[in-house]
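Fold and geometry: a report
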Amino acid sequence: MKVGRIFVHSLLVLLFFLSGCGNSRDIQNLAYVTALGVDYIDGKYVSYVQVLNFSNIARSEDSVLGKPVPIWIGVGDGQSLSGSLTEINASSQYPLFWGHLKTVVVTERAMTQGIAEICSTLNRNREIRYNILVYGTKENLTDILTQKSIFNLSPLDTIMFTGVQMSSQKSFLVPLNGNHAIASLNEKGNPAMIPSIAISKKNWREDHKKKGMFMISGAYFFENHRLNTWMPLYELKGIRWTNRELEKTPLRVPSEVPSGIVIMMTHPRFKATPHIKGNTVTFDLHVKVEGTIYEQFDDIPTSQLELHAGEAIEAELRKTFAKSVALKCDPYQLREIIYRDFPADFHRLTKNKPFFLDKKSLGSVKVEVKVTSTGKIKGGFNRKP
């Protein structure tokens, strides 16, 4: 018993010398970085950190919906990205916490310098997660990082942070996670494609004042960690039929009625079959997709409607392919198929011609459309008297 008491007393004495959590900080004494912007100006990296406080984010009974809350932006420059971030840290009144970083936006100027250093710097930080969203932009980063949502809500309620695909014909480029971007950048046969984000002041007003809102404007394409080209959204329509993760996208089908017919398509299934003959490669494309009628004014048979929809999808696929090969980019990731399934042919083809696709590389395009529902109204609604 005496030995046991001596042991307990000794243990209690040792507990007084433990450091415990003396170096930890209270949550209110940290600056939470939610977005990072990277630019390159006059030979230096310029970084922008967006810091939000709890009044930007919190929902409570006392909070006033739409009340403007300022957004804090820290700016620093340096010969490297880490150097620019260090400059921001030097004047920050609270330590920057990176565990809540959700979005990284890189300007076109910075991407022309290559993004290998940006990826390396961010991946070495243990607080930053791999599932952050990555965008490119042509806009001013201060405008991007101070952009708020509808009703003056927090920036965290915008599509730049949520990554939610809207019910729009122009909303078919789904956001890209950081881990997927890194994987694509490091694969020879799978060049990365990063969506570009912009601010549109065309559609929304607050009373008589125009209000900007985020929209996906196109995509940047890379080769060997270097920016290759950019394609606007209207030239990338064909890419939506290659993405199984696409929840829904409307297709306007030409018909005799000027307004046409709109079918809401969902989760397309895409397959590309390569044919290699010497130094020539062709691809036959096959798409299967289902949809429901969203708008229809003329009454035509469903089978004919499906045929017209297939023709419209084929036209989009061919148009996007023609535009992309002219710019030497591969939005359908056709070269990856050769890289994965025929590696010897891939190395042979790229030895003398790194980009071996041309306008003749696209063979047959087969599209199968199935209309699963006409909505609450059977057939079309005839507006004629």
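Remember, predicted model here, so these are calculated numbers, not experimental data.

In space, the four strands of this open sheet follow the order β11-β12-β13-β14, with mixed pairing throughout. Strand pairing shows two members of the sheet lacking a second neighbour, β11 (249–253) and β14 (362–373), which therefore form its edges. Averaged over neighbouring strand pairs, the angle between their axes works out to 40° when direction is ignored. By the bridge criterion, 14 bridges tie strand β12 (residues 261–277) to strand β13 (residues 280–295) in an arrangement that is antiparallel. By the bridge assignment, alanine 272 is partnered in β13 with leucine 285. Across the sheet, helix α9 (residues 302–326) is in contact with β11, β12, β13 and β14; its angle to β14 comes to roughly 140°. On top of the sheet, helix α10 (residues 334–341) reaches β12 and β13; it is set at about 45° to β12, its chief contact.

Turning to a positive patch on the surface, a few remarks are in order. Together, Lys201, Arg205, Lys209 and Lys210 give the surface a local cluster of positive charge. Contributing elements (two or more residues each) for the positive patch: β8 (193–206) and β9 (209–223). Given a relative accessible area of 56%, lysine 209 falls into the exposed group.

The next point concerns the nonpolar core. Ranked by size, the top nonpolar core spans 35 residues in total, and within it Met265, Ile313 and Leu334 carry the most contacts. When residues of this core are traced back to their parent elements, those giving at least two are β11, β12, β13, α9, α10, α11 (343–352) and β14. It is α9 that contributes the most residues to this core, seven residues altogether. In contact with isoleucine 313, other than residues within four places in its own chain, are Trp241, Leu251, Met265, Val289, Val367 and Val369.

Quick look at the pattern of salt bridges now. What the rule picks out here adds up to eleven salt bridges. In this structure, arginine 335 and glutamate 223 form a salt bridge, with 2.6 Å as the shortest nitrogen-oxygen distance. With arginine 335 in helix α10 and glutamate 223 in strand β9, this residue pair connects regions lying 112 residues apart in the sequence. Overlapping salt bridges bring together Glu223, Asp330 and Arg335 as one network.

Before going further, it helps to spend a moment on empty space enclosed by the protein. Vacant regions in the atomic arrangement are exposed by a probe of water-molecule size rolled over the atoms. The tally for this structure, following the rule as stated, stands at one cavity of 30 Å³ or more. Here the largest cavity is characterised by a volume of approximately 210 Å³. Together, 20 residues line the largest cavity, and Cys119, Leu122, Ile132, Val134 and Gly178 are the ones closest to its centre. Of all elements in the fold, only β5 (103–107), α5 (116–123), β6 (133–137) and α8 (178–185) reach the threshold of two or more residues within the lining of the largest cavity. If you tally residues by element for the lining of the largest cavity, the top one is α8, at five residues. The residue makeup of the lining of the largest cavity, split by class, is 16 nonpolar, three polar and one charged.

Looking now at the packing of aromatic side chains. Under the criterion given, the structure shown has seven aromatic pairs. Residues tyrosine 339 and phenylalanine 346 carry aromatic rings whose centres are separated by 5.0 Å and whose planes lie at 75° to one another, so their mutual orientation is edge-to-face. Overall, the relative accessible area of 5% leaves phenylalanine 346 in the buried class. Look at phenylalanine 346 and phenylalanine 356: their rings are 6.3 Å apart centre to centre, the planes differ by 80°, and that puts the pair in the edge-to-face class. In this pair, phenylalanine 346 sits in helix α11 while phenylalanine 356 sits in the loop between α11 and β14, placing the two residues ten residues apart along the sequence. With a relative accessible area of 6%, phenylalanine 356 lands in the buried category. Clustering of aromatic rings is evident, with ring pairs tying together Phe270, Phe321 and Tyr332. Seen from the ring of tryptophan 230, lysine 138 lies directly overhead, with NZ or CZ sitting 4.4 Å from the centre.

Reading guide: rules and limits
Residues numbered from 1 in each chain as written. Predicted model: local features only at pLDDT ≥ 70, side-chain atom pairs only at ≥ 80, totals over all residues. Heavy atoms only, no water. Pairing = 2+ DSSP bridges. Helix = DSSP H or I, 4+ residues; strand = E, 2+ residues; numbered from the N terminus. Axes fitted to C-alpha atoms, helices over the stretch in contact; angles between N-to-C directions. Contact = heavy atoms within 4.5 Å. Patch = residues over 30% accessible without salt bridge, like charges linked within 9 Å, V, L, I, M, F, W, Y side chains within 5 Å. Areas by Shrake-Rupley, 256 points an atom, 1.4 Å probe, with all protein chains shown as cover. Salt bridge = Lys/Arg side-chain N within 4 Å of Asp/Glu carboxyl O. Lys, Arg positive; Asp, Glu negative; His and termini not counted. Charge placed at Lys NZ, Arg CZ, Asp CG, Glu CD. Buried < 20%, exposed > 50% of the residue type's maximum accessible area, 1.4 Å probe, protein only. Core = buried A, V, L, I, M, F, W, Y, C linked by side-chain atoms within 4.5 Å. 1 Å grid on protein atoms, 1.4 Å probe; cavity = no way out; pocket = protein on both sides within 12 Å on 5 of 7 lines; lining within 4 Å. Points joined across faces, edges and corners; volume = space filled by probe spheres on them. Nonpolar A, V, L, I, M, F, W, Y, C, P; charged D, E, K, R; others polar. Phe/Tyr/Trp six-rings, centres within 6.5 Å; stacked < 30°, edge-to-face > 60°. Lys NZ or Arg CZ within 6 Å of the ring centre and 35° of its normal.

Purely geometric stuff here, so don't read any function into it on its own.
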